Every structure is written in C-alpha cells, then in structure tokens.
Amino acid sequence: MEDYLRKNFAVEHKRPSEEALRRWRRAVSVVKNPRRRFRMVADLAKRAEADRKRINLQEKLRVALYVQKAALHFIDAGKRVQYKLPEDVRQAGFGIGADELAFVVHSHDIKSFEDHGGVEGLAKKVSVSLTDGVVPTNIPLRQKIYGYNQFAEKPARSFWMFVWEALHDLTLIILMVCAAVSIGVGIATEGWPAGMYDGIGIVLCIFLVVLVTAISDYKQSLQFNDLDKEKKNIVVQVTRDGCRQKISIYDLVVGDIVHLSIGDQVPADGVLISGFSLSIDESSLSGESEPVNVTQQRPFLLAGAKVQDGSAKMLVTTVGMRTEWGRIMVTLSEGGEDETPLQVKLNGVATVIGKFGLGFAVLTFLVLTIRFVVTKALHGEITDWSVSDALILMNFFATAVTIIVVAVPEGLPLAVTLSLAFAMKKLMSNKALVRHLSACETMGSATTICTDKTGTLTTNHMAVNKIWTCGRTIKIEGNQSEEVLQSSITGEVFNILLQSIFQNTGAEVVKGKDGKNNILGSPTETAILEFGLLLGGAFKIHRKESEILKVEPFNSEKKKMSVLVSLSNGGGHRAFCKGASEIILKSCNKIINADGKAEPLSGEQKKCITDVINGFACEALRTLCLAFKDVKDTSKVDSIPEDSYTLIAVVGIKDPVRPGVKEAVKTCLAAGITVRMVTGDNINTAKAIARECGILTDDGLAIEGPDFRDMSPQQMEETLPKLQVMARSSPLDKHKLVTYLRKEFKEVVAVTGDGTNDAPALHEADIGLAMGIAGTEVAKENADVIIMDDNFTTIQNVTRWGRAVYINIQKFVQFQLTVNIVALMLNFISACVSGSAPLTAVQLLWVNMIMDTLGALALATEPPHEGLMKRPPIGRDVAFITRIMWRNIIGQSIYQLIVLAILKFDGKRLLQLSGSDATATLNTVIFNTFVFCQVFNEINSRDMEKVNVIRGIFDSWLFIMVVVSTVASQSIIVELLGTFANTVPLSWDLWLVSILLGAGSLIVAVILKCIPVEKGKEAATTTNHDGYEPLPNGPDMA
C-alpha cells in the first residue's frame, strides 16, 4: 500500500510540480461526493485560466508603462481625454474625479500631472495638506467619492451552499431513492403508518448526516475566510491630522500621506512627495525585473510594487479596484491553494480502502440475493414473487449501498483540512499566522531551525549601554548620561556626536495621537536616537541645521548607513556613516581626539579600538561605529565617500535575551531539532547571546559569513554538522546554508528572516518564517508562516502544532480503518452465514457519522501535549500507516468481530433471550455493542503506543463533547427512536453488557501495546509508530 501511495500520491510540500498534481488526480477513484471531497483542492483549470488573465493584464500594463508613455509625447494636447468634473465630486469639495486621478497615474501622463500643478496641485484638488495629511472626520466622504481600498472578492458561501454540496453524495442520493421506494412499497404491503417507518428512518438519518456535515464544513470555511483576510492585511504608516500612525491597508483613502521604506509594498496608486534613492520593483505588475527609479521627474507609484531601496513619502491618488493591482489580485485568488502532502496521501488511502469497500458491498449484495433466491427455490417458490419479496431485495440493496457509505472513507482527506484549520486558528491566537497550509504539516518534520538573533532570540527593546570615544569608555546610566559625557569630552566632540546621531538616522521623532513624541524606526535606530535625546539633543533643530543631499539606507549587504549633508552657513558638505564596527573601522584613517580635532589613526590605535569592540561584544552588546568626513569637492553630490572617514565613537547597545527562549531552545534540542543562529552581528556578540540561549555548546562551532563563503564542499561537509553560530553573515550566506543543508544533508530546514534580502532564503527553505514586527512585506510575501511577535518561543509552538496535526491524523486513520474493517467483515460474514445483515441501513448511517464527521472532530482537533517535543522529527518519506497502527487496527478488529460474531450466532442463549422480540433485542444489543466498541476505541486511539490514554483527555473539550453527544444520541436512538432505527428498548443489564463489551477494547489495547513490533524495511531508520527518526545519543546529543 505504501509503495502504491508513494508512486501515485506523493507531492512536494512546497511548489509541487504540475505533473505530480495531475498524477494523483488521475489515480483517485471511488468518490462519493466530488464537490465536497475536492473542495480544498486546487482547481488546475481555473488556475491556468487565471494565469492567462494575469499575464494579459501584465502585458497591457507593460504597454501602458513603456509604449503609451512614449506615445503621449506625440499626442496633441487637444486630443487628450477630457474629463468632466462629476457633480457629486464638486459638491463634496474636491477638484478632481476618481477616474481622472486613476488615468494620470496609471498612464504615467507627466503632462497632465504638471497641468494639475504637480503633487501640490493634486493635493489641493483632493483637499489634503502634504504636511498634516487627511483629517479623520472626512474619511467616510473620501471613501464615498473615491472608493474603498478593497479588492473584489468572491462572496463567502452561505450555509445552504454547504447543505446543497453535502446532498451531492451519490450514495446518499441512491439511499434517498431506496427510502422513497421503501415508503411506497411499505405502505402498499403493511399499510399506513407501519409501512413508512423504514423509509422515514433512512430519510431522517440522511438529513442528520447532511446537517452535521454541512455545519462542520461551514465552520471550517469561516475559519479559512478569517485567515485569508488576515493574510492580505498589511499595516501601513501614514500621517493623519499631523500625527504619524499605523493603519490597515483596508482603511487607506485617497489623499493619505504614506511613508515607504525598504521592503514595503506600495499600498495604492500614488505620486511621490519626497524621498531619497527610491528604487521600485514593478515585476509583480508588469513582469519586468528591472528596478525603476522614482524621482520628481518620474513621480508615479503603482499599487503592488515593492520598495527595493530608499525611502519616501507618497500621496495616495487611487485605491481598490481602480488600480491595476486590484485587477491582478482578483486573478491571484482563482484556482485555490495547492493541496498539502497529507491531503494527497489520504486521498490515496481513501481510494485504496474505497475499492475494497466497493468490492465487499457488491459481494454482500450478491451473497444476500443468491441466498434469498436459493431459499425460495428450495421451498418451490421460485416463480412466486410478491411486493414483499421486492422490498426484501430493496433492503439488501440499501444495505449494500450503506456499506459503501461506511467503507469509502470520504472524511479522511477532509479530516486533514479540519485538523489544519483548527491548528491554524489556534496558532493565530498564539501569534503565528500560517500563510500556506502545507507549512503547518512540514513544521512537524523540521530537523533544523536557522534563526536570526535580533528580535527573535532577543527582546528587540534596545538601549545604548556603553560608549567609547576619545579613548574613554563611558557607561550610560539614565538621565545623568548628559552630564557624565559632557564632563568627559569637549563641546566640539559632543556636538559632532549629536550631529552624527541626528543627521544619519533612518528613524524619526513624530507626534503621536496622544500628543507625545514617539520614535518610529528600527530598534537599533530607535536606541541611538533615544540616546541622542537623552544627551539633550533636539531632533528637529539638528535636522534644520543642514540639508540632506543623499541617503544610502542601511541594508544587510553593506551593513552600514551613510548620508551626505550640506552644512548651514556655507560650511560645505559632510558625510556621516554608521554600521558594523569592523566595517566602519576599516573605512576610517583618522580619529577624533579629545580636542575635537581629527588625527591620523595608527595601527596601535586600531588594535586598541578592536579590543574595545570585542570587549563590548563579549558582554553581549551590539556594537556600532559612528564616523564622519568633511567633503571638500562640493560638486559631487551624487555619491557618498566610501573611505577616509574620521572615527567618532564606538557604541555598545544592550538587547536582552527574551524570557523563555532558553527553555524553548532546550525543548527543540530534546525534540531532535538543531538550532543554528545566523546573524549579521559581531561574532563575539553572537557567541555570547548563543551561549546564553543554550544554542552554542562547548563542542559547537561559531564562524563568520566570509569564512563560510570561501569553504570548499569537503570543508562544508566537515563543518556543518558542528556549526551552531554564523556571525557577520549576509543574506546570500543564509541562502547558501539553507540550500546546502536541504540538498546535501537532506535536512528539513526552517529559516527566519525579516529583510527584503532574506526573501531568497525564505523561498528556498522548507518552511520560511518571516517576522511580523520587524519583517518587511517582501519577506512576509515569501514566507510560509509569519511570526507575529518575532519570538523564538512561537516558532517552537508552530513545530509542536505541526507534529500534533500529523499525529492527530494518524489517530483518526487508525480509528476509521478499524470501524471500516469491522463493519465490512461483520455484514459480509453475517450475510454469508445467516443470510441477513445485523446492521440496518439506518444503523450503518449513524455509525458512519460517528466515525467520519464526529470522529474527525474528536481526534483531528486534539491539542498538542508535552510528549510531542520529546521525540525526534517526522521523517520525510516514512510510511504514514505504520506497523504499530496496523497492530492496533488488526487487534481491535479481531476483538470486535469475535464479540459481535458470538452475539450474532449464540447471543440468544448467552443473554437468555426468548419471546417474540428476542431477535429484535439481540440485533439491538449487537448494534449497541458495536457503537460502544467504537466509542471506547476512539478513546484508545488518543495514543497509539502509551497505555494511559486518559491523560490530558479533559484538555480537549471537543473530544469530551463528541463522546458525550455520541453516547447520549445512541441512548435516544435505542430507547426512543426504535420505530425508525429498527431497535427496541433495552433493560439496564443489557445496557451494562453492551458497555462492558465495548470497554473490553480498553483491555485489548493494553495487551496489544505490550506486543513488540519489528521495524519495517521502509522505516528502517525509525523506531516510533509515526516514523520519527531516532534521537541522537551520547556525545552527539548536542
């Protein structure tokens, strides 16, 4: 079976090939309800059509951007489209309509743009101040006139759509026809109302099955709708009413002033107000990979483009479906998401079992029919047929169809969806947003986590702790820092230090809604700016002292930020740079002395400064150097100098380790997951933090990115097993590490990332984990999971849930296969021996609901327990239905069949039943015992190896609810609905017999779990029931 599944039902968890997706679809057969079974499966035809639409849209946009733009220069102004100002726009106080605004930006019509007065003219026409932004009170009016920033989406499916979908089950349709015939024939032969009970019983049961199925599916769809909306939500920084604030992309309106920085997605169409070195990637819109430089001469920005470099402010001109991105977004949602490997594999399991079930159903019908015909022949009645005979044959057929209902486990693939939906909802409440369903599964197999340091292992709440300048190290302690620093250095040095802090920063001091000043920027920038304010500096005053000419923002390649400013009072130009200590130190050939004068930097001084940097780093401080250079040639304003700087100071920033990280790392190591720190920080800082977190051990290895880059394949093979820390790494180093671990070491790699340049590594990894707070939109778009609180403990929680999903599905499969085997064999054996099936169509439908929808609810939604993180990761290609599962399935099936067979063939004597209703009572006891066997086996299935299956049972309220409701419903069916369900009320002692025989499966489970199971050749490297690889032991444990 495993070989068949691997051959036909294996897909990659990330970016599966078209051929693999088509192969498993061709292999699926015996499907009762295609509409429901394949609801969560990608529609390849729709997807192909959506791709064609998207390519057409991109082609049209490319024409608009590159052809129409050139053509506009040759079009006579008189022939341009003349827009008339709509009356509702005029009455609202605006001077330009939505369509005209959209045309100007979309067509890049610079002539029309200038005719409207440029960005200032457009701002005036949409009634907005370029400094204060939109006034909140007129936001509803703007939304009414210019539209909402929302894209057209398919309306959510109503509950009745799910009811209609559930009714498309072929077997249920056949049973409804059988019920209708049964009612008609029954009334004709037995009269009203006795003749209608059997048929009505089937109809009521079908109604219940459809209702429960529809409710379960509808609730799942609501969960996925909420998650989809959250995935598309982007937080945007705007200025409104003079205050800088963060809002949802859905709340953006025409006239908003949006702030953009590296890695952001342009949230709407607009025009540039101001900015530095702004480079935009429009490949998602036009398909062109060349970045576009946005300047005052080319000020147009299109929604959906990504900021590749620089920073800017933009005025929003067009929102929602009037943007090209809005039209493209509609096509992106077509076709659905790729199915997960578990969904595909369980479609295979359902196909295999369905074929067996179909065969047994046909055999059962043939055996029952042949026995009936032979019996009539033996009694000489072969030519004597009545309506009641036809009714008997109809009941045989209904029983056979119901066996197919039970035997084809349609719920298996859907149980994966249910489990994933439940896990994703729980993870969402635990600060993890799963963007791709398959990531939830794959995290259960993760063998390596490559994690960032800053913000993930540390708190990201940074503060300057120490500063070295003019040969002195000064500890920063609260409000006394200004006096201590001023008494230690001259006023000249103090002023140039404040200049370097306030001029060369990517952060801003802005007024918040509460009227207080807030610092907006990265944690490192915020820490330095806070330090400058602590020293008595004033952000706005220092910024007014000079004009910024050019900015080179910080990026993870250069590991520095530079700025060129023009000093006031004809002071010439000055460049400031700050960044990674050793990189800035290399670019310095001078140092500022105690008198504020620049003097040559000697080799001995460099060594002394390097010792200071290493000393700070060994105290787990992030180190940065600040430097400046006076530029004599004022004609060159397009470039910032790269060398010959004067060193001002070395700054040590404290970023404490997050609470709980050490325990989370320890848990991962105990679970067989290697944790590697990959950071851009100094190696000594990285080692200090790694030791504090428990990542770096005595025999572990810490290296720098440049050394890793230069390694040969042989050196890598020797180094990687021991590698625990990589410092001063670039995004390319991270990508190379991930690729090598996956391809050469066959590891399942999870990697964290926050920057735009981390996108390739996030894309390459088995599971890309983007940071929700520090992460850019580009990083999030390439990730599989977004860690909303940037916390490593959340990553460990995602791993725990990933394992829980896999185990829960295995539990459900074990439970369902047991019910399948027993129901099939019981009816078949009984048909062969006695000529009748002990379980009627109504009873089998009820059993089907217990094992399908309710069983999935109970077992597929159990929360993870601590034991999951005390075993190794799930292997890549292990058998899904393991030998331990088969042991439990076969053992329980044998027990149940023996018990039910004894009751069927010798139950009257053993239970001392007599009288006219003895047969009906016995059949009720058999039905009752069969149901209680499943109830107790459901409890057994909570753990496939451990004897104590009650542990943690009350942590899963859903499991308790399902078991209680099953028992309560069974009592009602037996005691009150006998007319429809072909049961009779039972005495308390017969109830006790049924319960005790069902509970016997608990004892059988204990005996089965004591039977050792040999490892199969397909899982030769595994020891546990779920195919986990064994944990390393001895000195290799670390």
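Residues numbered from 1 in each chain as written. Predicted model: local features only at pLDDT ≥ 70, side-chain atom pairs only at ≥ 80, totals over all residues. Heavy atoms only, no water.

J.: Tell me what's going on with the domain arrangement of the chain, and back it up with residues and numbers.
T.: For interface size, the figure often reported is the accessible area lost on association. Taken domain by domain, the chain comprises domain 1 (1-44), domain 2 (80-149 + 252-333), domain 3 (161-221 + 341-421 + 803-1014), domain 4 (432-458 + 658-790) and domain 5 (467-654). Computed from C-alpha coordinates alone, the two centres of domain 1 and domain 3 are separated by 26 Å. If you look at the interface, domain 1 gives 24 residues, while domain 3 gives 37 residues. When domain 1 packs against domain 3, the two sides together hide about 2900 Å² of surface, and 58% of this comes from carbon and sulfur. Taken together, domain 1 and domain 3 are joined by zero salt bridges. The tally of links between domain 1 and domain 3 comes to zero residue pairs in polar contact (both at pLDDT 80 or more). Contributing elements (two or more residues each) for the side of domain 1 that touches domain 3: α1 (2-8), α2 (18-27) and α3 (34-37). Its residues assigned to classes, the side of domain 1 that touches domain 3 comprises 13 nonpolar, three polar and eight charged. (Domains from an automatic or database assignment. Contact = heavy atoms within 4.5 Å. Buried area = accessible area lost by both parts, 1.4 Å probe. Salt bridge = Lys/Arg side-chain N within 4 Å of Asp/Glu carboxyl O. Polar contact = N/O pair within 3.5 Å; in protein donor to acceptor, adjacent residues only side chain to side chain. Helix = DSSP H or I, 4+ residues; strand = E, 2+ residues; numbered from the N terminus. Nonpolar A, V, L, I, M, F, W, Y, C, P; charged D, E, K, R; others polar.)

J.: Outline the sheet that holds strand β22 (residues 701-704), listing residues and values.
T.: Taken together, eight strands build an open sheet; the order of strands is β8-β26-β25-β24-β9-β21-β23-β22 and the sheet is mixed. One side of each edge strand has no neighbouring strand; the edge strands of this open sheet are β8 (432-434) and β22. Looking at each pair of strands side by side, their axes are set apart by 20° on average, direction ignored. Strand direction decides the pairing type here: strand β9 (residues 448-451) and strand β24 (residues 749-753), joined by three bridges, are parallel. (Pairing = 2+ DSSP bridges. Axes fitted to C-alpha atoms, helices over the stretch in contact; angles between N-to-C directions.)

J.: Summarise the nonpolar core; cite the residues concerned and give the values.
T.: Looking at soluble globular proteins, one finds that nonpolar side chains tend to be buried together. With 161 residues, the main nonpolar core has Leu175, Ile767, Phe792, Ile809 and Val813 as its most contacted residues. The element best represented in this core is helix α32 (residues 792-834), accounting for 18 residues. The contact partners of Phe792, leaving out residues within four places of it in the chain, are Ile449, Thr451, Thr456, Leu457, Val661, Ala664, Val665, Cys668 and Val675. (Core = buried A, V, L, I, M, F, W, Y, C linked by side-chain atoms within 4.5 Å. Buried < 20%, exposed > 50% of the residue type's maximum accessible area, 1.4 Å probe, protein only.)

J.: Summarise a nonpolar patch on the surface; cite the residues concerned and give the values.
T.: A cluster of nonpolar side chains, contributed by Leu358, Val362, Leu366, Ile370, Val374 and Leu378, occupies part of the molecular surface with about 540 Å² of accessible area. Within the fold, Leu366 resides in helix α15 (residues 341-378). Judged by relative accessible area, Leu366 falls into the partly exposed class, the value being 42%. (Patch = residues over 30% accessible without salt bridge, like charges linked within 9 Å, V, L, I, M, F, W, Y side chains within 5 Å. Areas by Shrake-Rupley, 256 points an atom, 1.4 Å probe, with all protein chains shown as cover.)

J.: Can you lay out helix α25 (residues 661-670) for me, pointing to particular residues and giving the numbers?
T.: In an α-helix, one full turn covers 3.6 residues, which means residues spaced three or four apart are oriented alike. Turning to α25, its buried residues number three or more, namely Val661, Ala664, Val665 and Cys668. Down the axis of α25, the sector holding all buried residues measures 100°, keeping them to one side. On its buried side, α25 packs onto β9, β21 (674-678), α26 (683-693) and α32. Gly672, located one to two residues past α25, shows a positive phi value of around 80°. (Arc of directions from axis to C-beta.)

J.: Explain the environment of Val785 residue by residue, including any values.
T.: Mapped onto the fold, Val785 is located in strand β26 (residues 785-787). Separated by 353 residues in sequence, Val785 and Ala432 place their C-alpha atoms 6.7 Å apart. In contact with Val785, other than residues within four places in its own chain, are Ala432, Leu433, Val434, Arg435, Ala439, Ile767, Gly768, Leu769, Ala770 and Val798.

J.: Which residues make up the pairing of strand β4 (residues 269-281), and what values do they have?
T.: Looking at chain direction, β4 and strand β7 (residues 306-318) are connected through 10 bridges and run antiparallel. In the sheet register, Leu272 faces β7, and the bridge partner there is Met314. Summarising the sheet, β4 and strand β6 (residues 300-301) pair through two bridges and their orientation is antiparallel. Following the sheet pairing, Gly270 is matched in β6 by Leu301.

J.: Give me the lowdown on unusual backbone geometry, citing residues and values where you can.
T.: If you check the backbone angles, His108 has positive phi at about 55° while not being a glycine. Positionally, His108 belongs in the loop between α6 (98-106) and α7 (110-115). When its relative accessible area of 4% is taken as the criterion, His108 is described as buried. At Ala620, a position not held by glycine, the phi torsion is positive, near 65°. With respect to the helices and strands, the residue Ala620 is situated in the loop between α24 (603-618) and β19 (621-631).

J.: Quick rundown of the packing of α15 against α32? Include the residues and the values.
T.: One way to put it is that α15 packs onto α32 with a least axis distance of 9 Å and a crossing angle of 10°. What the angle tells us is that α15 and α32 run roughly parallel. Its residues assigned to classes, the contact of α15 with α32 comprises 17 nonpolar, five polar and one charged. (Parallel < 35°, antiparallel > 145°, perpendicular 65-115°, else oblique.)

J.: Kindly report on helix α10 (residues 159-166), identifying the contributing residues and their values.
T.: Of all the positions in α10, only Phe162, Val163, Glu165 and Ala166 are classed as buried. Along the long axis of α10, the arc covered by the buried residues comes to 160°, so they all point the same way.

J.: Explain the side chain of Ser500 to me, and be specific about the residues and the numbers.
T.: Mapped onto the elements of the fold, Ser500 is located in helix α20 (residues 491-503). Here Ser500 falls in the buried class, since its relative accessible area comes to 3%. For Ser500, the side chain forms a polar contact with the main-chain oxygen of Leu497, separated by 2.7 Å. What Ser500 contacts, discounting residues up to four positions off in sequence, is Phe576, Leu626 and Ile648.

J.: Lay out the UniProt feature "transmembrane region" (unreviewed entry) in the chain in plain terms, naming residues and giving numbers.
T.: Taking the numbering used here, the UniProt-annotated feature "transmembrane region" (unreviewed entry) corresponds to residues 167-188, 194-215, 352-374, 394-423, 884-903, 918-936, 957-978 and 990-1008. Here residues 918-936 runs as 100% helix and 0% strand, with 27 Å between its end C-alpha atoms. (UniProt positions renumbered as here; feature names shortened; annotations may be inferred.)

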